[in-house]
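What the coordinates show
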Amino acid sequence: MIDPKVAMPLDKRAWVTSLLLQQIVIVSSVDANGIADIAPKSWASMAAFDGPILGFGCNVTHQTYRNIRATGDFVVNVPPARLAEIIWAMAERHGAERIAAAGLTLVPAARVSAPWIEECLGHIECRRIDIKYMGNEVYIFGTIEHVAISSACLIGTAFERYARLDPIFYLEEKTYGSLDAARQVGSTPPLRSSMFLVKLGPFSVAEDLLARHLQYLATLRSDGRLAMAGSFLDGDDGLIVLKAASSEEAQGLIARDPLVRAGCPFSLRPWQRTF
Ligand SMILES: Cc1cc2nc3c(=O)[nH]c(=O)nc-3n(C[C@H](O)[C@H](O)[C@H](O)COP(=O)(O)O)c2cc1C
């Protein structure tokens, strides 16, 4: 059967579902007085191996554009998915107020005047070489002068390294995606990652305890400790998949779960994800 394709509007803002999912970064820049600004961007891309050159889309009304036009320096900081809520909240404030409300830490970069954002896991330092104007919108090109990544993101299999980087992708307004798994072509099994499988239950719980349990799982998720969790639809038990370096660490994580503290039985076993 022929797949019936539906015409989409040309305006990207109306792309629901979006056809181009782009990585979210936070661009830091400084003005002529050295005052820093940070702003989320999703229209960033490599432009050329030789240079090397990177570019991103911006608006001329943005401080980011004014700063880069004035000083030329910027850093593309790569945030983990746990910063998603903070990233979306940034638009509500500007300048120093935005930086303070975000609770992010600015530290000096290696080669450029714009700072790194410490809570991000990668930093691509750039110097402006060109700006392409398209009405109120611009595409800013910069040569990459220095690149740094969290050392944890260099250890282990591709699956483990990208799980630690935990990149975040802009799908559409207020909707983002994260990376489930880095897979390698031709490799069997494609993934090799140590995790811990927790069987929880049986439990029958009051609503407030369940809410605290879910809140705890949400914290583990944002700390990058929780791969997935859920309950069986035909029972009164659940499964949690934890990312931990050792059985002791996994035990410690589950022992702090309010449900377990309230006496809910559990079993914990090491588990290797292969697919
Ligand atoms: C997830 C996300 C992605 C964004 N991507 C872009 C982008 O690619 N280009 C852009 O100009 N603005 C983008 N924005 C909007 C700017 O971050 C926003 O207008 C910000 O206030 C600009 O800050 P500034 O004036 O300090 O540069 C994005 C916002 C969010 C929340």
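Here the residue numbering is sequential within each chain, running from 1 through the sequence in written order. A pLDDT threshold of at least 70 governs which residues receive local features in this predicted model, and a stricter bar of 80 or more applies before side-chain atom pairs are shown or counted, although totals over entire chains, interfaces and linings include all residues. In computing side-chain values, all of the structure's heavy atoms are included and hydrogens and water are not.

**Concerning the overall build of the protein**
The secondary structure listing takes helices from DSSP runs of H or I that are at least 4 residues long and strands from runs of E that are at least 2 residues long, numbered from the N terminus. In terms of regular secondary structure, the protein is built from 7 helices and 16 strands. Projected onto its principal axes, the C-alpha coordinates of the protein cover approximately 60 × 55 × 40 Å. Note on classification: 1.4 Å probe, protein chains only; a residue is buried when its accessible area is under 20% of the maximum for its type, exposed when over 50%, partly exposed between these limits. Within the protein, the proportion of its 275 residues that are buried is 38%. All accessible-area figures derive from a Shrake-Rupley calculation using a 1.4 Å probe, and residue coverage is judged against the displayed protein chains alone. Of the roughly 15,700 Å² that the protein leaves accessible, carbon and sulfur atoms contribute 56%. We treat Lys and Arg as the positive residues and Asp and Glu as the negative residues; His and chain ends play no part in the count. Taken as the charge location is NZ of Lys, CZ of Arg, CG of Asp or CD of Glu. When the 27 basic and 29 acidic side-chain charges of the protein are each reduced to a single mean position, those positions are 3 Å apart.

**Focus on helix α3 (residues 95-102)**
By the burial criterion, the buried members of α3 are Arg-98, Ile-99 and Ala-102. Along the long axis of α3, the arc covered by the buried residues comes to 95 degrees, so they all point the same way. Facing away from the buried side of α3 by over 90 degrees, the exposed positions are Ala-96, Glu-97 and Ala-100. Any two residues having at least one pair of non-hydrogen atoms within 4.5 Å are treated as being in contact. Residues of α3 that are buried in the fold lie against β3 (36-41), α2 (84-89) and β7 (106-107). Directly beyond the C-terminal end of α3, a positive phi value near 70 degrees is found at Gly-103. It is the directions from the helix axis to the C-beta atoms whose arc is reported.

**Here's the deal with the side chain of Lys-41**
Counting through the fold element by element, Lys-41 comes out in strand β3. By convention in these notes, a salt bridge is any Lys or Arg side-chain nitrogen within 4 Å of a carboxyl oxygen on Asp or Glu. Of the side chains with opposite charge, Asp-37 comes closest to the buried, unpaired Lys-41, at an N-O distance of 7.2 Å.

**Some remarks on the pattern of salt bridges**
Tallied over the full model, the rule gives 8 salt bridges. In this structure, Arg-273 engages Asp-180 in a salt bridge whose closest nitrogen and oxygen atoms are separated by 3.2 Å. Linking Arg-273 in strand β16 (residues 266-273) with Asp-180 in the loop between β12 (175-178) and β13 (193-200), this pair joins segments that are 93 residues apart in sequence. Linked through salt bridges whose partners overlap, the residues forming this network are Glu-92, Arg-93 and Glu-97.

**Describing unusual backbone geometry**
The amide bond that connects Val-16 to the next residue, Thr-17, takes the cis arrangement and shows omega of 10 degrees. Locating Thr-17 in the fold gives a position in the segment before β1 (22-23). The step from Gly-201 to Pro-202 runs through a cis peptide bond, and the omega angle for that step is 10 degrees. Tracing the backbone through its elements, the reader meets Pro-202 in the loop between β13 and α5 (207-222). The phi angle at Asp-166 is positive, at roughly 45 degrees, despite the residue not being glycine. Structurally, Asp-166 can be placed in the loop between α4 (158-165) and β11 (168-172). Of the residues examined, Asp-166 reaches a relative accessible area of 17% and is grouped as buried. Backbone geometry places Lys-174, a non-glycine residue, at a positive phi of 60 degrees.

**Let's talk about the sheet that holds strand β6 (residues 73-78)**
At least two bridges found by DSSP between two strands is the condition for calling them paired. The strand order across the open sheet built from 7 strands is β3-β2-β6-β9-β10-β5-β4, with neighbouring strands paired in antiparallel fashion. The two strands at the open ends of the sheet, each matched to only one other strand, are β3 and β4 (44-48). For this sheet, the mean inter-axis angle between neighbouring strands, taken without regard to orientation, is 35 degrees. Relative to strand β9 (residues 122-134), β6 is paired through 6 bridges, and the arrangement is antiparallel. Residue pairing across strands places Val-75 opposite Glu-125, the latter belonging to β9. Between N-to-C directions, angles span 0 to 180 degrees; the directions come from axes that are lines fitted to C-alpha atoms, helices contributing only their stretch in contact.

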